[in-house]
Every structure is written in C-alpha cells, then in structure tokens.
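Structural characterization, general
Here is what each chain is made of, one letter per residue.
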Protein chains: 2
Amino acid sequence: MEVDEIIEGIFSGNKRALARAITYVENDYPEGKEILKRIYSKTGKAHIVGLTGFPGVGKSTIVSKLTQEFRKRDKKIGIIAVDPGSPFTGGALLGDRLRMDGFDSSKPLWIDPGVFFRSMSSRGRAGGLAAKTGDVARLMDAFGFDIILIETVGAGQSEVDIIEVADTSIVIMMPETGDEIQMHKAGILEIGDIYVVNKADLGGAEKTEKWLKTMLMMDQETVSLLEKTTHRDESLVESGKIYEVLHKKGWMPPVILTIAERGKGIKELADAIEEHFKFLKSSNLIVEKRKRRMSRELFDLIMDEIKKELTAGKLNYKEIVDKVVKNELDPHTAAEMLVKKMLG
Amino acid sequence: MEVDEIIEGIFSGNKRALARAITYVENDYPEGKEILKRIYSKTGKAHIVGLTGFPGVGKSTIVSKLTQEFRKRDKKIGIIAVDPGSPFTGGALLGDRLRMDGFDSSKPLWIDPGVFFRSMSSRGRAGGLAAKTGDVARLMDAFGFDIILIETVGAGQSEVDIIEVADTSIVIMMPETGDEIQMHKAGILEIGDIYVVNKADLGGAEKTEKWLKTMLMMDQETVSLLEKTTHRDESLVESGKIYEVLHKKGWMPPVILTIAERGKGIKELADAIEEHFKFLKSSNLIVEKRKRRMSRELFDLIMDEIKKELTAGKLNYKEIVDKVVKNELDPHTAAEMLVKKMLG
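By convention here, each chain's residues receive numbers from 1 onward along its written sequence. Chains carry letters and ligands carry numbers; both start at the beginning, A for chains and 1 for ligands, and go up in the order they are written. A pLDDT threshold of at least 70 governs which residues receive local features in this predicted model, and a stricter bar of 80 or more applies before side-chain atom pairs are shown or counted, although totals over entire chains, interfaces and linings include all residues.

**Concerning the sheet that holds strand β6 (residues 147-153) of chain A**
Residue and element names in this part refer to chain A. As a reminder of what qualifies: By the convention used here, strands pair only if DSSP detects at least 2 bridges between them. In this description a helix means any DSSP run of H or I spanning at least four residues, a strand means any run of E spanning at least two, and both kinds are numbered starting from the N terminus. Interaxial angles span 0 to 180 degrees and are taken between N-to-C directions of axes, which are lines fitted to C-alpha atoms, for helices over the stretch in contact. We call two residues in contact whenever the C-beta atoms placed from their backbones are within 7 Å.
Strand order across the open sheet formed by 7 strands is β5-β2-β6-β1-β7-β8-β9, with parallel pairing between neighbours. Lying at the two open borders of the sheet, with one neighbouring strand each, are β5 (115-121) and β9 (255-257). Ignoring which end each strand starts from, the neighbouring axes of this sheet average 20° apart. Sitting on the sheet, helix α4 (residues 59-72) touches β1 (47-53), β2 (77-83), β5, β6, β7 (168-173) and β8 (194-197), and the angle it makes with β6 is about 175°. Lying over the sheet, helix α11 (residues 266-282) contacts β1, β7, β8 and β9, oriented at roughly 170° with respect to β8.

**Notes on the packing of helix α13 (residues 317-325) of chain A against helix α12 (residues 285-312) of chain B**
Basically, it comes down to this: Two helices that cross are described as forming a left-handed crossing if the nearer one is turned anticlockwise from the farther one by less than a right angle, and a right-handed crossing if clockwise. Under the scheme applied here, ten amino acids are nonpolar (Ala, Val, Leu, Ile, Met, Phe, Trp, Tyr, Cys and Pro), four are charged (Asp, Glu, Lys and Arg), and all others, including Gly, are polar.
Closest axis-to-axis distance for the α13 of chain A/α12 of chain B pair is 9 Å, and the angle between their directions is 115°. Here α13 of chain A and α12 of chain B pass one another in a crossing that is right-handed. Between α13 of chain A and α12 of chain B, the contacting residues are V321, V324 and V325 of chain A on the first element and V287, R290, K291, M294, S295 and L298 of chain B on the second. For the contact of α13 of chain A with α12 of chain B, a count of residues per class yields 6 nonpolar, 1 polar and 2 charged.

**Some remarks on unusual backbone geometry**
Residue and element names in this part refer to chain A. Convention followed: Burial in this document is a count-based property: other C-beta atoms within 10 Å of a residue's C-beta are tallied, and the residue is buried at 20 or more, exposed at 12 or fewer, or partly exposed in between, with C-beta positions derived from the backbone.
Phi at N327 is positive, roughly 65°, even though this residue is not glycine. In this structure, N327 sits in the loop between α13 and α14 (331-342). The class of N327 is partly exposed, set by 13 C-beta atoms lying within 10 Å.

**Some words on the sheet that holds strand β8 (residues 194-197) of chain B**
Neighbouring strands of a sheet are bound in pairs by backbone hydrogen bonds; such pairs are parallel or else antiparallel. All names here are of chain B. Judged by pairing direction, the sheet is parallel, and its 7 strands sit side by side in the order β5-β2-β6-β1-β7-β8-β9 without closing on themselves. Among the strands making up the open sheet, the edge pair consists of β5 (115-121) and β9 (255-257). Adjacent strand axes in the sheet meet at a mean angle of 20°, parallel and antiparallel pairs treated alike. Contacting β1 (47-53), β7 (168-173), β8 and β9, helix α11 (residues 266-282) runs over the sheet at an angle of about 170° to β8.

**A look at the environment of S169 of chain A**
Residues and elements named next belong to chain A. Along the chain, S169 falls in strand β7. The spatial distance from the C-alpha of S169 to the C-alpha of I194 is 6.5 Å, given a sequence separation of 25 residues. Other than its neighbours up to four places away in sequence, S169 contacts G50, I163, I191, G192 and D193.

**Focus: the pairing of β5 of chain B**
All names here are of chain B. In terms of burial, β5 is largely enclosed, as 5 of its 7 residues are buried. In this structure, strand β2 (residues 77-83) lies alongside β5, joined through 7 bridges in parallel fashion. Considered in β5, the bridge of V82 is made with M120.

**Here's the deal with the packing of α13 of chain A against α14 of chain A**
Packed helices, taken two at a time, are described by the angle between their axes plus the distance between the axes. All names here are of chain A. Just so we agree on the cut-off: An angle counts as roughly parallel when it lies under 35 degrees, as roughly antiparallel when it exceeds 145, as roughly perpendicular when it falls between 65 and 115, and as oblique in every other case.
Running from N to C, α13 and α14 cross one another at 160°; their axes reach a closest spacing of 10 Å. By the angle between their axes, α13 is roughly antiparallel relative to α14. In the crossing of α13 with α14, the sense of the turn from one axis to the other is right-handed. Where α13 abuts α14, its residues Y317, I320 and V324 lie against P331, A334 and L338.

Below is the structure:
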C-alpha cells in the first residue's frame, strides 16, 4: 500500500490501512513518519484513557467489559495493549478476552467494526515505546475512534511513561495485596485520575478503598498548600511531580469498586471516565495536559535528530570521545565544545 | 571551602574535601562541575566494581567483607551505596555494616583511613542518578582509591544504568528464590561479569549455580555465533545488548558460592574481581568499555545543554509547542524545524 492510499484508508474507515500504518510506525519506516505528519491535523478529538496495574488484577477483563459498555453508548473504541517488559506477550490475554466478550453473543468485540485492537511490546528502550504508543493512539484518533484505551502491564517507570500519553489515567488494584505499597514506591499512585479496586468480592476492598481515599485527600491538601506557597513552574521539561499534583486541581479522583468478571461497577467506571473527560475540557486542563505531553514528545524527537547528527560524523564525536577516554579532555568541557559547535 | 582548596584537598588525601566535592556534585552546584573538570586528568586508575541484587540477598554484607579482604591486600576502597527507589534509605544498612566490621576490632572500616563510604539516593530521574554515581566514582578515583565498590539495590533499569558505570559488574542472588526469573526479566542477568550465589548454606545453591552456568554457556555460544554472522555495530548510541555480549568475549563469568556472613567465598570473590580487571586490561577491553560509557555520558551531557538551550527561549520552543497543540503543526515537522534552527 502506498502512503496516499493508507491515509485515504484511515480517513475512510479502512482497518487494513490503519493496521498497515501502525506497522510502519512501530518499525520506524519513513512511511510511518510521513503518515503521522499528514494525519496530524485530524487528531486531537479522541479521549485517550490509560489503564495500569500489576499482573493479575484483572486489567484485561476491565478493558473488555468497558469496551462493551462504551459500545452500548455508541462509542467507537480503539484498544492498545502494551507490555514494556516483554517482546512477546503484549496483549495476548486481552486479545483472548476480546474474542470471548461481546455485547451480544453474535458479535464478539473482536469482529465488531466499532472496535480495533492492537498489541505492542518492548522493542528497544521503554522511552521509545511510550512515544510509539502515543503515535499509534494518534493513528487511531485520526481513524475516528472516540475513546482509545491503553492497557499497560505492571507499574514501573515505563508504565508511568506510557500512561502519561493518556488524558485520563486509571490505576487498578486488588484489595489487600500490598499493591498499594509497591505502587507507592513506583510513584504510580500519584498518577491516577480514577482508582479501581477490582475483585471487590475478595474481602478487604473497603479497607483498600479507605486507604486510597485518605491518601488522595492528603494529595488535595498538598495542592492547596502548593498553591499558596509556590509558583507554577513554567519550565517545560521538569520532572513533573508538583506539576502533576497541580493538574488535579478541582478533580478529586474517585475510587471505584468493581467485580469486572461479573460486570459489577463497570457502568460507574465508564461514567467516571466520561466525567473526567468533561472536567478536563470544561476546566481547559486538557490543553495544558496535552501541551505538556507535546513538549516532552517534541523534546524526544529533537533528541533523536541530534543523535543522528552526532553519529553522522561531521562533529568528530568519536574523536572527541577518544580524547576523553585518554584523559586529554574532560567530558564536561567536551560536551560544551560539541554543543557550541552544533549551535554554531 | 573554595574550589582550589577542595581540589588540593582531594589530591592530598583530605576526606573532608572529598565529601564536600561530592556534595557539590550531587546538588548540581557549578563548583561541582568545575571540580570535575579539573580533577579529570587524574582519573582512570581505579577499578570500578558494581554490585547489584534484590533486597535481602546480602549485598551489604558482601561489600563489607570484600572491603575487609581488599584492605588486607593493601587496597584503598571507596564505597558508594545507591538506592534509586528511595530518597531516604540509601545505604543505611551498608553504613551499619561498615560500623560493625573491621579487620581488627580496634579499627572498624568506618574509621579506617583507607576506606571511604558515601550513600546516594534518588533525586529526580534515574538517568541522572547513574551519571552522578559516575561522577562521584570519578572524585574517589582522583582521590586515590584503588577500588571503588558501587552497591545498588534491586534489579530494574535504573540499577542496570548505574551498574554500567562499572568496569566489573557483579550480580548477587540467593539460592532458589526465583530471583533468576525476575532478573532475567529485568535484563540484568546479561550484565554480570561475576555471579555470586550468597547464603549458599540455605540449600539449593548448587541448583542455582548450575542454572547460571548453563545460561552463561548459552551466552558464550551466542558470542561465537555473533562473531561469525554480524559485524560489530560501531554506532555509538545503540541499545547495547549484542555489544554487551561481544564485550564478554574471552571472559567466562565465574559463579561463586558465598556465605558472606561467615566470610566464606569472599577471598575467591576478591580474586575473581582482580582477575577480571587484569583480563580487561590485558585484552584492552577496558578501553572499549570506557569508550562506550564515555560516549553515553557525553551524549547525556549534550542533551542537558540542549535542554537548557530549548528552555532559554531563543528558539521559540513554547510557541512551537502551542502550534502543535492547536494542530497547526505536526510534531515531526516541528522537531525538524527546531533542529534545523539549532544547527543553523
């Protein structure tokens, strides 16, 4: 397929064209970049929703049931399953679920024309995976999906990076498994716009709910404190924690108990997702959030270009490295030299 | 203390000056950079040894006992304890060990003039922590320590990054705890130059040893296969896996059983460490290894400079981000524009 044909296909609802475009983007083909450039003006409409949580908490079931629920609400759903840890298993479980579930037995989600599923897994570095997930979401956005669900396994930095592609982040856990502690350590507890305690029938769900609510209240207090004491940092590439907290101003993340396997709590979750999107739009936080994301993304793209420049040889990068290794030049001075050279 | 005074202090064995320099470097003071530049020509002599493994495997005990052993061999030892996951706990355990252990009771390692201990913990991003660990090791190197031991907790990407600062990487595990699987998943099993199965009295140690040896043999076979089929990738900033394997050419990582608490196997471990350093030097792999590390480090420093340039405002970065958010410009074109502008 030619680029023109693919782009036309994406705009006219041809799933094969979408799949091809995703493959090009995933594999870094120049065609992928070309397509991304040309569809970009048609993006920005979809609601991008990220879901994360440790293996076994029932993410796939939730994604599948949510898809059913949103289909009933007449939304078209794109789904991306990402497994940063593995080059192989990305989305296998979710794929199976989608084959099983349907909103009537004659039409499993897998063949529903209003649903598109794609799995992605680790190739190279995690940072790159986050960028690619964003690009794939953009392709789905241009295609016309209303909601794009990104499921990611685990709760490490890579997952945080991937979930930051989303407008709405959902953190899923199980009652009393100690996930809270692990997630807290991984810095993932701060990123949720919505919290889900799944398998709420296992007992201890109320305790986990209460713990979460207490923690979230403390967060809110931090926000008001920060408002009084600090200026918002306008720098574009800072580490983001305070910024993240400030972003939640006016939104108290709900904690939703679900038993996804039996469909319990799924309606409430779908409502909360739609509500959060409304909130983002009415408060204009969506623009801020996307601006921040775009700034990061641009920065990464620029770094890629600079990398190419360095390895292209014109700047004598290798010779300079040699000098540093021989202790004839220190790395800080070398970096300054190279940057001066690059920037003219 | 003035920069001149600190530098003089470092070269004349003043630990207070060293401690001060480290603080400057850790906190990104301009004085830190100045000091690093000026001591650089005196570095490159120390043997940098990284140790990693999950919490509880006995890393701190091993580091402490190794320090004792190396002191007997008349080596001066710098120790860095890094905890990428925590802003608080870095090295607390190891600090306690060093207070307890000594090669005679009158002289605990803590006050031994031939030993220097410093802990570092998470501030900001993990990437930055690796770079800083390298810089701190460099300060210790310039001070005159023969061996610098870097202990890092856990086995995630941050630990891999930190351990890549080292000439010799040691992976520590316990028998039959399933650590192998976890480490394999984290990509940390490939990075060891020496493997330690500690707490070998717990039973199952031989099984773990055997498993490790099988895996290492397979690695060696991969090396010979790669030699026949691929050219070494000369690109400076690739992801490094194949490169890493090729680096091990000629070195079969030993697996050493230890019961560190009782000092068992520590001599053998110290021998292996010294042997690996000899191997690196005689094969000249040390130059290659350090070249690769330096290339990465330089690249990171350059990125920092570019970041400053972007946020400084001359390039209208913010305005361009705004345009992209408004869908008036796509990010790929925007990145190309900015790079073109930057590179003149």
